[in-house]
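Architecture at a glance
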Amino acid sequence: MLGPPGAGKGTQAERFARERRIPRVSTGDVLRLASTGDSEIDQRAKSLMDAGQLVDDDLVIGIVRERLAQPDAAQGFVLDGFPRTLVQAEALDHLLDDRKPLVIIDIEVPEETLIRRLKSRLICSRCSTPATLTAKVCAKCGGTLVQRPDDEFKVVLERLKVYERESQQIVEFYRRRPAFRSVDGDQSQDAVAADVAAAVASVVGGHP
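One structure accompanies this document, and this report is about it.

Calculation rules
Residues numbered from 1 in each chain as written. Predicted model: local features only at pLDDT ≥ 70, side-chain atom pairs only at ≥ 80, totals over all residues. Heavy atoms only, no water. Phe/Tyr/Trp six-rings, centres within 6.5 Å; stacked < 30°, edge-to-face > 60°. Buried < 20%, exposed > 50% of the residue type's maximum accessible area, 1.4 Å probe, protein only. Axes fitted to C-alpha atoms, helices over the stretch in contact; angles between N-to-C directions. Helix = DSSP H or I, 4+ residues; strand = E, 2+ residues; numbered from the N terminus. Parallel < 35°, antiparallel > 145°, perpendicular 65-115°, else oblique. Left-handed = near helix turned anticlockwise from the far one by under 90°. Contact = heavy atoms within 4.5 Å. Nonpolar A, V, L, I, M, F, W, Y, C, P; charged D, E, K, R; others polar. Pairing = 2+ DSSP bridges.

Now for the packing of aromatic side chains. Inspection of every chain in the model, using the stated rule, returns one aromatic pair. Ring geometry for phenylalanine 173 and tyrosine 174: centres 5.0 Å apart, planes at 75 degrees, overall edge-to-face. Residue classification places phenylalanine 173 among the partly exposed residues on the basis of a relative accessible area of 25%.

Following this line, the structure appears as structure tokens:
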């Protein structure tokens with residue numbers, strides 16, 4: 001699942017995975033889990049994160065490889081936040097040599113819509129659960145809602161520039177593949193979810 005900040009890819013990835021009863025594999029979640037694990041890869045990741053350093057491609061690839069080898073991912077999975085670099089994208093092809101085709105969904109949203117969405121996002125100051133601008137308190141724990149620090153206007157613009165500069169090359173890497181699909185993300189969440197399901201079904205067969 002690809003898309004710029006504010007496109008809703010995390011929401012759609014989680015929804016698709018939940019409805020299909022397959023795991024959503026988020027790089028952030030995987031790294032957090034790795035920091036509590038006992039394997040050599042987990043300990044290397046923990047050491048780097050504790051030191052405030054970036055986790056390199058090889059380590060991220062190794063962690064994702066271990067995650068996709070777990071039994072719950074045998075029948076499919078949704079990748080959210082991986083791959084982030086061309087090295088990771090090329091490694092993913094090798095990881096999936098003997099599995100079903102990789103379906104790439106790119107959620108496209110106009111920049112003005114992304115900016116509006118990002119500026120209006122709130123999170124719970126206590127549990128970090130996302131919320132809409134109209135919410136009064138966190139629906140999960142009743143905590144106070146605040147704007148995410150990385151959703152301030154100047155930061156939003158910089159995040160979109162970084163995406164355009166770095167992540168767009170991932171889109172171009174996949175764009176010519178038969179299993180690549182673009183979805184209009186400037187719709188309601190239900191409409192986007194329906195389009196995502198239809199896009200996946202058009203590649204792997206079956207019902208949306």
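Here the narrative resumes, following the displayed structure.
Interhelical geometry of helix H4 (residues 57–68) versus helix H5 (residues 86–95) gives an angle of 30 degrees and a closest axis separation of 10 Å. What the angle tells us is that H4 and H5 run roughly parallel. Considering the relative orientation of H4 and H5, their crossing is right-handed. Touching Asp57, Val60, Ile61, Arg65 and Leu68 of H4 are Val87, Gln88, Ala91, Leu92 and Leu95, all from H5. By residue class, the composition of the contact of H4 with H5 is seven nonpolar, one polar and two charged.

For sheets, the rule is that strands pair by backbone hydrogen bonds, running either parallel or antiparallel. With antiparallel pairing, the three strands of this open sheet are ordered in space as E5-E4-E6. Lying at the two open borders of the sheet, with one neighbouring strand each, are strand E5 (130–131) and strand E6 (145–147). Across three bridges, strand E4 (residues 122–124) lies against E6 in antiparallel orientation. Residue isoleucine 123 lies in a different strand from E6, and its bridge partner there is valine 146.

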